[in-house]
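# An overview of the molecular structure
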Amino acid sequence: ELFPYTGEQKRPIVKRIGREEFLLAAPGGLGMFATVDGISQRAPVRWSEKVIGAALYFPYVIALDEEFITVHSMLDQQQKQTLPFKDGHILQDFEGKVIVATTKGVYFLVPLPLEKQIQDLLGSRRVEEALVLAKGAERNIPKEKFQTMYKQILQQAGFIQFAELQFLEAKELFRSSQLDVRELISLYPLLLPTSSSFMRSHPPLHEYADLNQLTQGDQEKMIKCKQFLMTYLSEVRSTDVTNGYKEDIDTALLKLYAESNHESLLDLLVSENFCLLSDSAAWLEKHKKFFALGLLYHSNGQDAAALQLWIQIVNGEIQDSTRTDLYDYIVDFLTSCSDHELVWKYAEWILEHNEEVGVYIFTKRPLEDQEKNSFNQDDVIKCLKKYPVSLVKYLEYLVLEKRIKKEKYHTYLTVLYLNEVLHLKSLGAERKGKLTKMQAKLRNLLQKSDLYRVHFILDKIAGTDLHAECAILYGKLEEHEKALHILVHELKDFSAAEDYCLWNSESKGLPYRQKLFHMLLSTYLNSSTPNHELNMAAVDLLNNHAAEFDAAWVLQLIPASWSMQLLSSFLMGAMRESLHSQRMAEIALSLAKAENLIYKHEKVKLRESPILLSDKKLCQVCQKPFCEPAFVHYPNDTVVHMHCAAKRLVNSNTNHHLSSSSGRT
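Model, not experiment: these values are computed from the prediction.

## Section: the side chain of H518
- By the element assignment, H518 lies in helix α26 (residues 510–525).
- The contact partners of H518, leaving out residues within four places of it in the chain, are E548, F549, D550 and W553.

Set out below in structure tokens:
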């Protein structure tokens, strides 16, 4: 039951509005919608309590009372129009027409076309009503026609919201209607490329010539509109919406970024983009974005133009503070540049600006580039001869990092180190710290490398006070007595003498090391005049390196006046070493005896079963009979000729056993 009704009232109003749905005149001036099941699925419309008739013209309900005709929307239940009309008796809809009659005449109510109604709503900025009206009319319009109409309405609504700075709503309307984004870009003067063939939609989607008219010159509004367009373009540029006109979008986005000094300008240019070179280059130059212009040239394959521009910035010929580390950026750019001629062209500029960093264009190149003839090592060295710091860095890269085993590179680097050491020595104490570091590098190279020309370097050192370096060179020539004499008697550096014995005997075995330590001890003890300092050095050497000496040889060499207490550490160490060596030898002997016993046992087992050999038995390798009693027998009972076993050419089953030592003859 929806509401009570008595026959005393005026006749009821019941209008069919759809399948199993009706409009009823309810008490209280309400037009109620109900289904045949008595369920109301729509909100009621409010009309006059004196209503005497009703008609339907979707999506409107028309009501007649004693003085007016009112029009109500079924979609939002709002009263849309009021027409003065007196003496009306009948209101009826018939075959899509609305008829109203008085006692004197019959009239037709002619509605405005739906599209005109929607356009009027849009014209008065009633966007929501226009969209509701358009959506509600979907079932009465052919599908394709409706989709075209509704898409245009959404786009128009989007521009209305945009003009009112309702950017979130505008964005949703633009995206849902698949707006050709160039319609939006065209509002902004000069953003579309000059080569663009875009023409605005007809009929037009809005009434504005450009952004200046829309904002009426309000700079704050204009900035907000540009910020919206930047955001919107950055979101849609990677979607399918932009297919066919990506150049227009990316070019417009670049112009907006450059004009507003936006940080995303560089991100756009270093990623894949479709910015048109001619328009974009002029715009970037206009706004003095020269670094970005170089990136634009690079993305269009014009690396030479990009480098020329960046070099002008570094040289101060043009101003652009985008990157304070632009020189380092250029070095990185050339390091990865595939145009090798371009690298050589700008190599001298790079090196002149900063030798230490500039050499990276050769030392940090991809491995495949370095292996090509374009960057032959000798050519690089020839180029670097004018730049001593870069030359040293490059040779260090070849010798110490890549470990290239070429005598000329090792000798060249050694000579450069040596010359620098001698130069620093000539400057005196003011460069002492740098001298210490340089000497350490020279000594390390002299010790670690075996490829430089020792005699050549020794001749260059002759006559200088580089005694430690001279000792290292004598060591390379196996003239250890000369080297130790320098360290002990000239430098009196006993610690260096011990280190000399250690590094010179690396990977050469215990006998060689023992030989060097014996030489050092002899150098200490065979002094022409008694020297207490040397004697104490000898004692320390024995006590600290007892394991490196033959104790019997030492006892014959040391002075008889030395006490047991003085050599207690050495003697205890020598005793421990001797006992350890003896016990290890005994263990090795016992293991050898055990292994021998195992082999003897195997041999006895093999002799227990006889091997029958006749002229009918064939060799398993060559398949020929045995002509002499010598043969090879394997544990799997395979018998082969001696010469066949030597060739080790047997089948796969026998091959497994040929590598075994259990053959029997």
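There's plenty left to go through after this.
## Observations concerning the pairing of strand β11 (residues 106–109)
- Across 4 bridges, strand β10 (residues 97–102) lies against β11 in antiparallel orientation. The partner of V100 across the bridge, within β11, is Y107.
- Hairpin geometry of β10 and β11 is characterised by an intervening segment of 3 residues between the two adjacent antiparallel strands.

## Re the confidence of the model for the chain
- Averaged over the chain, the pLDDT score is 86; the fraction of residues at 70 or greater is 95%.
- Note that pLDDT drops below 50 for residues 650–665; the model gives that stretch 28 contacts with residues more than four away or on any other chain.

## A look at the domain arrangement of the chain
- Partitioning the chain into domains gives domain 1 (14–111), domain 2 (115–267), domain 3 (289–528) and domain 4 (610–654).
- Placing a centre on the C-alpha atoms of domain 2 and another on those of domain 4 gives a separation of 95 Å.

## Overview of unusual backbone geometry
- The amide bond that connects H202 to the next residue, P203, takes the cis arrangement and shows omega of 0°.
- One non-glycine residue, L165, adopts positive backbone phi at about 65°.
- Assignment of secondary structure puts L165 in the loop between α3 (143–163) and α4 (167–176).
- Of note in this structure, L190 is not a glycine but carries a positive phi near 70°.

## So, the environment of C619
- The topology assignment puts C619 in the loop between α29 (568–608) and β12 (632–633).
- Classification of C619 as buried rests on a relative accessible area of 0%.
- C-alpha of C619 to C-alpha of F631: the two residues are 12 residues apart in sequence and 9.1 Å apart in space.
- Beyond its immediate sequence surroundings of up to four residues, C619 is in contact with K624, F626, V639, V640, H641 and C644.

## Quick word on a nonpolar patch on the surface
- Judged by side-chain polarity, M584, I587 and L591 come together as a nonpolar surface patch covering roughly 310 Å² of accessible area.
- M584 gets classed as partly exposed once you look at its relative accessible area, which sits at 46%.

Cut-off values and rules
- Residues numbered from 1 in each chain as written.
- Predicted model: local features only at pLDDT ≥ 70, side-chain atom pairs only at ≥ 80, totals over all residues.
- Heavy atoms only, no water.
- Helix = DSSP H or I, 4+ residues; strand = E, 2+ residues; numbered from the N terminus.
- Contact = heavy atoms within 4.5 Å.
- Pairing = 2+ DSSP bridges.
- pLDDT = per-residue confidence, 0-100.
- Domains from an automatic or database assignment.
- Buried < 20%, exposed > 50% of the residue type's maximum accessible area, 1.4 Å probe, protein only.
- Patch = residues over 30% accessible without salt bridge, like charges linked within 9 Å, V, L, I, M, F, W, Y side chains within 5 Å.
- Areas by Shrake-Rupley, 256 points an atom, 1.4 Å probe, with all protein chains shown as cover.
- Salt bridge = Lys/Arg side-chain N within 4 Å of Asp/Glu carboxyl O.

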